[in-house]
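Breakdown of the fold
Residues per chain are reported as follows:
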Amino acid sequence: MALPLQQSPRLRTLGMSAEIAARLRVMIEEGELPPGERIDEKALCELFDVSKTPLREALKTLVSEGLVLHRQYIGYRVAPLDLAELRATFETLHGLERLAGELAASRLTDVALRTLEKKHLQMLDAHSKGHRTDYFRINQEIHQLIVDGAANPVLSSIYAALMSKVHRARGAANADHLRWQESHEEHEQIMRALREDGRPRLGDVLKAHSENTATEVLTVVAEAIRKGE
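Residues numbered from 1 in each chain as written. Predicted model: local features only at pLDDT ≥ 70, side-chain atom pairs only at ≥ 80, totals over all residues. Heavy atoms only, no water.

The protein chain carries the name GntR family transcriptional regulator in an unreviewed UniProt entry, which gives Pandoraea pneumonica as its organism.

Remarks on the pairing of strand S1 (residues 68-71)
Alignment of S1 against strand S2 (residues 75-78), held across four bridges, turns out to be antiparallel. Across the sheet, residue His-70 finds its bridge partner in S2, namely Tyr-76. (Pairing = 2+ DSSP bridges. Helix = DSSP H or I, 4+ residues; strand = E, 2+ residues; numbered from the N terminus.)

Concerning the side chain of Glu-41
Turning to its location among the elements, Glu-41 is positioned in helix H2 (residues 41-48). The residues contacting Glu-41, other than those within four sequence positions of it, are Lys-52, Leu-55, Arg-56, Leu-59 and Tyr-76. (Contact = heavy atoms within 4.5 Å.)

Some remarks on helix H3 (residues 52-64)
For H3, which comprises 13 residues, the first-to-last C-alpha distance of 18 Å matches the rise-based estimate of 18 Å (1.5 Å per residue) to within 8%. Turning to H3, its buried residues are Pro-54, Leu-55, Glu-57, Ala-58, Leu-59 and Leu-62. Gly-66 sits one or two positions beyond H3 and adopts a positive phi of about 85°. (Expected span 1.5 Å × (residues − 1). Buried < 20%, exposed > 50% of the residue type's maximum accessible area, 1.4 Å probe, protein only.)

Comments concerning the environment of Ala-79
Tracing the backbone shows Ala-79 in the loop between S2 and helix H4 (83-107). Ala-79 sits 10 residues away from Leu-69 along the chain, and the two C-alpha atoms are 5.5 Å apart.

With respect to empty space enclosed by the protein
Summed over the entire model, instances satisfying the criterion amount to three cavities of 30 Å³ or more. Taken as a whole, the largest cavity spans an internal volume of roughly 100 Å³. As for the largest cavity, its lining consists of 13 residues, of which Glu-97, Met-163, Arg-170, Ser-210 and Thr-213 are closest to the centre. Sorting the residues of the lining of the largest cavity by element identifies H4, helix H6 (132-148), helix H7 (153-172) and helix H9 (202-228) as the ones contributing at least two each. With four residues, H7 is the single largest residue contributor to the lining of the largest cavity. Of the residues assigned to the lining of the largest cavity, the class counts are five nonpolar, six polar and two charged. (1 Å grid on protein atoms, 1.4 Å probe; cavity = no way out; pocket = protein on both sides within 12 Å on 5 of 7 lines; lining within 4 Å. Points joined across faces, edges and corners; volume = space filled by probe spheres on them. Nonpolar A, V, L, I, M, F, W, Y, C, P; charged D, E, K, R; others polar.)

Pasting the structure below:
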(Lines give C-alpha, C1' and ligand atoms only; values in the text may rest on other atoms or scores of the structure.)
Protein backbone atom coordinates (compact mmCIF):
# COMPACT_ATOMS: atom_id res chain seq x y z
CA MET A 1 0.00 0.00 0.00
CA ALA A 2 1.37 3.39 -1.01
CA LEU A 3 2.21 5.75 1.80
CA PRO A 4 0.54 9.18 1.78
CA LEU A 5 2.72 11.91 0.33
CA GLN A 6 4.11 14.40 2.81
CA GLN A 7 2.82 17.86 2.00
CA SER A 8 5.65 20.31 1.37
CA PRO A 9 5.91 23.59 3.31
CA ARG A 10 5.30 25.43 0.01
CA LEU A 11 2.02 23.58 -0.58
CA ARG A 12 0.92 24.20 2.99
CA THR A 13 1.66 27.90 2.53
CA LEU A 14 -0.31 28.04 -0.72
CA GLY A 15 -3.25 26.30 0.92
CA MET A 16 -3.24 28.75 3.81
CA SER A 17 -2.86 31.74 1.51
CA ALA A 18 -5.88 30.67 -0.55
CA GLU A 19 -7.98 30.50 2.61
CA ILE A 20 -6.68 33.87 3.81
CA ALA A 21 -7.34 35.42 0.40
CA ALA A 22 -10.93 34.18 0.54
CA ARG A 23 -11.45 35.68 4.00
CA LEU A 24 -9.85 39.00 3.00
CA ARG A 25 -11.99 39.10 -0.14
CA VAL A 26 -15.13 38.89 1.98
CA MET A 27 -13.81 41.55 4.37
CA ILE A 28 -13.23 43.89 1.43
CA GLU A 29 -16.52 43.14 -0.29
CA GLU A 30 -18.51 43.58 2.92
CA GLY A 31 -16.80 46.86 3.77
CA GLU A 32 -14.94 45.63 6.85
CA LEU A 33 -11.79 46.71 5.00
CA PRO A 34 -13.02 49.89 3.29
CA PRO A 35 -11.68 51.31 0.01
CA GLY A 36 -8.35 53.10 0.36
CA GLU A 37 -7.58 51.74 3.82
CA ARG A 38 -4.00 50.76 4.60
CA ILE A 39 -3.68 47.06 5.31
CA ASP A 40 -2.08 46.39 8.69
CA GLU A 41 -0.13 43.19 8.08
CA LYS A 42 0.74 42.70 11.76
CA ALA A 43 -2.89 42.99 12.82
CA LEU A 44 -4.02 40.55 10.12
CA CYS A 45 -1.32 38.04 11.05
CA GLU A 46 -2.64 38.14 14.60
CA LEU A 47 -6.24 37.91 13.42
CA PHE A 48 -5.59 34.86 11.24
CA ASP A 49 -2.85 33.44 13.52
CA VAL A 50 -0.38 33.09 10.65
CA SER A 51 3.07 34.32 9.68
CA LYS A 52 3.64 37.02 7.08
CA THR A 53 4.50 34.52 4.33
CA PRO A 54 0.99 33.11 3.66
CA LEU A 55 -0.56 36.53 4.29
CA ARG A 56 1.60 38.15 1.63
CA GLU A 57 0.86 35.33 -0.81
CA ALA A 58 -2.84 36.05 -0.22
CA LEU A 59 -2.33 39.78 -0.72
CA LYS A 60 -0.50 39.13 -4.01
CA THR A 61 -3.57 37.21 -5.18
CA LEU A 62 -5.83 40.12 -4.31
CA VAL A 63 -3.46 42.53 -6.06
CA SER A 64 -3.82 40.44 -9.24
CA GLU A 65 -7.62 40.68 -8.84
CA GLY A 66 -7.51 44.45 -8.49
CA LEU A 67 -8.90 44.46 -4.95
CA VAL A 68 -5.62 45.46 -3.31
CA LEU A 69 -2.83 47.85 -4.35
CA HIS A 70 0.84 47.50 -3.46
CA ARG A 71 3.63 50.07 -3.48
CA GLN A 72 7.20 49.26 -2.57
CA TYR A 73 8.30 50.67 0.81
CA ILE A 74 4.71 51.77 1.50
CA GLY A 75 2.86 48.47 1.66
CA TYR A 76 -0.62 47.29 0.79
CA ARG A 77 -3.94 49.10 0.81
CA VAL A 78 -7.45 48.32 -0.34
CA ALA A 79 -8.02 49.54 -3.87
CA PRO A 80 -10.20 52.67 -3.97
CA LEU A 81 -13.49 52.61 -5.86
CA ASP A 82 -13.60 54.26 -9.26
CA LEU A 83 -16.77 56.36 -9.24
CA ALA A 84 -16.90 56.76 -13.03
CA GLU A 85 -16.51 53.02 -13.58
CA LEU A 86 -19.09 52.29 -10.90
CA ARG A 87 -21.58 54.66 -12.51
CA ALA A 88 -21.02 53.05 -15.92
CA THR A 89 -21.41 49.59 -14.40
CA PHE A 90 -24.75 50.54 -12.85
CA GLU A 91 -25.96 51.98 -16.15
CA THR A 92 -25.19 48.67 -17.82
CA LEU A 93 -26.85 46.71 -15.03
CA HIS A 94 -30.08 48.70 -15.37
CA GLY A 95 -30.41 47.46 -18.94
CA LEU A 96 -29.49 43.91 -18.02
CA GLU A 97 -32.06 43.85 -15.20
CA ARG A 98 -34.80 44.99 -17.57
CA LEU A 99 -33.77 42.54 -20.29
CA ALA A 100 -33.64 39.70 -17.76
CA GLY A 101 -37.12 40.60 -16.54
CA GLU A 102 -38.52 40.67 -20.07
CA LEU A 103 -37.01 37.28 -20.92
CA ALA A 104 -37.83 35.70 -17.55
CA ALA A 105 -41.46 36.80 -17.95
CA SER A 106 -42.00 33.86 -20.27
CA ARG A 107 -39.03 31.61 -19.50
CA LEU A 108 -38.95 31.44 -15.69
CA THR A 109 -40.04 27.97 -14.61
CA ASP A 110 -42.43 27.08 -11.79
CA VAL A 111 -39.54 25.39 -9.99
CA ALA A 112 -37.48 28.59 -10.20
CA LEU A 113 -40.42 30.64 -8.90
CA ARG A 114 -40.80 28.33 -5.91
CA THR A 115 -37.07 28.73 -5.20
CA LEU A 116 -37.46 32.49 -5.38
CA GLU A 117 -40.39 32.39 -2.96
CA LYS A 118 -38.23 30.45 -0.46
CA LYS A 119 -35.32 32.84 -0.87
CA HIS A 120 -37.66 35.79 -0.38
CA LEU A 121 -38.86 34.33 2.93
CA GLN A 122 -35.24 33.82 4.01
CA MET A 123 -34.51 37.45 3.14
CA LEU A 124 -37.51 38.62 5.16
CA ASP A 125 -36.24 36.62 8.12
CA ALA A 126 -32.78 38.19 7.83
CA HIS A 127 -34.41 41.62 7.61
CA SER A 128 -36.53 41.06 10.72
CA LYS A 129 -33.47 39.89 12.68
CA GLY A 130 -31.31 42.78 11.51
CA HIS A 131 -28.79 40.49 9.83
CA ARG A 132 -27.56 42.94 7.21
CA THR A 133 -24.85 40.75 5.63
CA ASP A 134 -27.19 37.79 5.24
CA TYR A 135 -29.93 40.07 3.93
CA PHE A 136 -27.82 41.49 1.11
CA ARG A 137 -26.30 38.11 0.26
CA ILE A 138 -29.76 36.59 -0.19
CA ASN A 139 -30.89 39.75 -1.96
CA GLN A 140 -28.20 39.25 -4.57
CA GLU A 141 -28.97 35.54 -4.86
CA ILE A 142 -32.57 36.47 -5.71
CA HIS A 143 -31.46 38.85 -8.45
CA GLN A 144 -29.11 36.24 -9.92
CA LEU A 145 -31.87 33.61 -9.83
CA ILE A 146 -34.18 35.91 -11.78
CA VAL A 147 -31.45 36.60 -14.33
CA ASP A 148 -30.71 32.88 -14.58
CA GLY A 149 -34.45 32.36 -15.10
CA ALA A 150 -34.11 34.28 -18.36
CA ALA A 151 -32.37 31.14 -19.68
CA ASN A 152 -29.59 33.10 -21.37
CA PRO A 153 -26.17 31.92 -20.12
CA VAL A 154 -24.31 34.86 -21.67
CA LEU A 155 -26.60 37.30 -19.86
CA SER A 156 -26.14 35.39 -16.58
CA SER A 157 -22.35 35.42 -16.87
CA ILE A 158 -22.08 39.13 -17.70
CA TYR A 159 -24.52 40.06 -14.96
CA ALA A 160 -22.65 38.05 -12.31
CA ALA A 161 -19.32 39.63 -13.27
CA LEU A 162 -20.69 43.18 -13.10
CA MET A 163 -22.52 42.57 -9.83
CA SER A 164 -19.25 41.47 -8.20
CA LYS A 165 -18.01 45.05 -8.69
CA VAL A 166 -21.22 46.61 -7.40
CA HIS A 167 -21.22 44.32 -4.36
CA ARG A 168 -18.01 45.88 -3.07
CA ALA A 169 -19.50 49.36 -3.41
CA ARG A 170 -22.60 48.28 -1.50
CA GLY A 171 -20.45 46.79 1.25
CA ALA A 172 -18.39 49.96 1.48
CA ALA A 173 -21.48 52.07 2.09
CA ASN A 174 -22.93 52.56 5.55
CA ALA A 175 -25.89 50.33 6.39
CA ASP A 176 -28.07 53.34 7.21
CA HIS A 177 -27.50 54.74 3.75
CA LEU A 178 -28.28 51.61 1.80
CA ARG A 179 -32.04 52.05 1.79
CA TRP A 180 -32.48 48.80 3.68
CA GLN A 181 -36.18 49.34 4.30
CA GLU A 182 -36.78 50.75 0.82
CA SER A 183 -34.95 47.83 -0.77
CA HIS A 184 -37.06 45.46 1.29
CA GLU A 185 -40.27 47.10 0.05
CA GLU A 186 -39.08 47.08 -3.56
CA HIS A 187 -38.37 43.37 -3.33
CA GLU A 188 -41.98 42.87 -2.29
CA GLN A 189 -42.95 44.64 -5.53
CA ILE A 190 -40.61 42.36 -7.49
CA MET A 191 -42.25 39.28 -5.99
CA ARG A 192 -45.71 40.61 -6.84
CA ALA A 193 -44.55 41.19 -10.43
CA LEU A 194 -43.20 37.63 -10.55
CA ARG A 195 -46.56 36.21 -9.43
CA GLU A 196 -48.64 38.08 -12.02
CA ASP A 197 -50.00 36.30 -15.09
CA GLY A 198 -47.60 36.93 -17.94
CA ARG A 199 -45.38 39.06 -15.66
CA PRO A 200 -45.85 42.21 -17.82
CA ARG A 201 -44.30 44.59 -15.24
CA LEU A 202 -41.29 42.50 -14.22
CA GLY A 203 -38.70 44.17 -16.46
CA ASP A 204 -39.75 47.69 -15.48
CA VAL A 205 -39.89 46.87 -11.76
CA LEU A 206 -36.40 45.34 -11.82
CA LYS A 207 -34.96 48.30 -13.70
CA ALA A 208 -36.53 50.81 -11.31
CA HIS A 209 -35.15 48.91 -8.31
CA SER A 210 -31.68 48.88 -9.87
CA GLU A 211 -31.84 52.63 -10.54
CA ASN A 212 -32.93 53.43 -6.98
CA THR A 213 -30.12 51.32 -5.54
CA ALA A 214 -27.58 52.97 -7.85
CA THR A 215 -28.67 56.48 -6.86
CA GLU A 216 -28.09 55.83 -3.17
CA VAL A 217 -24.89 53.80 -3.49
CA LEU A 218 -23.28 56.32 -5.86
CA THR A 219 -24.20 59.16 -3.50
CA VAL A 220 -22.63 57.41 -0.52
CA VAL A 221 -19.48 56.39 -2.41
CA ALA A 222 -19.02 59.90 -3.84
CA GLU A 223 -19.26 61.36 -0.34
CA ALA A 224 -16.75 58.82 1.00
CA ILE A 225 -14.32 59.68 -1.79
CA ARG A 226 -14.76 63.41 -1.12
CA LYS A 227 -14.00 62.97 2.57
CA GLY A 228 -10.92 60.90 1.79
CA GLU A 229 -9.40 63.50 -0.51
